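Descriptive analysis of the structure
What follows is the residue order along each chain.
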Amino acid sequence: MSSHSELKTSQDVHLRAKQIKSLIRSLKQKIKKIEREGEVAPANCHIIRYQVNGKGTIYWYYKLQAAESIFPIATNNEKKTKYKYLGRAGSSAHIDAAEKLTRRNLIDELERVIQSLTESYLDIYIGTETE
């Protein structure tokens, strides 16, 4: 009787593992599809809004900010800065950066889910060894 239940448990383990692997494959395909849609913003970047006061008027501008200096400085390509000027809201540079950042955020989230599923996949086999 125990061999039948062990077989059923083994089949269950393999089925769950197969489902996780299938989902990981599907998520990796989604990442590739997102990457084909267009350029992806560098990791650890976000868009910031800043204010400039001029002649009694307040202007709002946007820039892409990275965690490290990765963007070339306009006047010296050898030096890098953490910021990339995007201009006013709705400018082509601002919209382009928002699209790239959206793709980056989607990919980052999918990669977090893949990492979690990979750990789950390992847990299935590690958990069966101790049972």
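Scroll up to find the structure this text is about.
The next subject is the pairing of strand 1 (residues 45-54). Summarising the sheet, strand 1 and strand 2 (residues 57-66) pair through 10 bridges and their orientation is antiparallel. Paired with R49 across the two strands is Y62, which belongs to strand 2. Taken together, strand 1 and the strand that follows it, strand 2, pair antiparallel across an intervening segment of 2 residues, in which K55 is found at a positive phi of about 40 degrees.

Under the criterion given, the structure shown has 5 salt bridges. Between D12 and R16 there is a salt bridge; the shortest N-O distance is 3.2 Å. Residue D12 and its partner R16 are located together in helix 1 (residues 2-37), separated by 4 residues, close to a single helical turn. By relative accessible area, which is 35% here, D12 ends up partly exposed.

Here the focus is the sheet that holds strand 2. With antiparallel pairing, the 3 strands of this open sheet are ordered in space as 1-2-5. Two strands close off the open sheet at either side, each with one partner strand: strand 1 and strand 5 (83-87). On average, each strand axis in the sheet is inclined to that of its neighbour by 35 degrees, with strand direction left out of account.

Grouped together as the largest cluster of nonpolar side chains are 12 residues: V13, A17, I20, I24, L27, I31, I34, I107, L110, I114, L117 and I124. The set of elements that each furnish at least two residues to this core consists of helix 1 and helix 2 (92-130). Here the element with the most residues in this core is helix 1; it accounts for 7 residues. Apart from residues lying up to four places away in sequence, A17 is in contact with Y121, I124 and Y125.

Parameters at a glance
- Residues numbered from 1 in each chain as written.
- Predicted model: local features only at pLDDT ≥ 70, side-chain atom pairs only at ≥ 80, totals over all residues.
- Heavy atoms only, no water.
- Pairing = 2+ DSSP bridges.
- Helix = DSSP H or I, 4+ residues; strand = E, 2+ residues; numbered from the N terminus.
- Salt bridge = Lys/Arg side-chain N within 4 Å of Asp/Glu carboxyl O.
- Buried < 20%, exposed > 50% of the residue type's maximum accessible area, 1.4 Å probe, protein only.
- Axes fitted to C-alpha atoms, helices over the stretch in contact; angles between N-to-C directions.
- Core = buried A, V, L, I, M, F, W, Y, C linked by side-chain atoms within 4.5 Å.
- Contact = heavy atoms within 4.5 Å.

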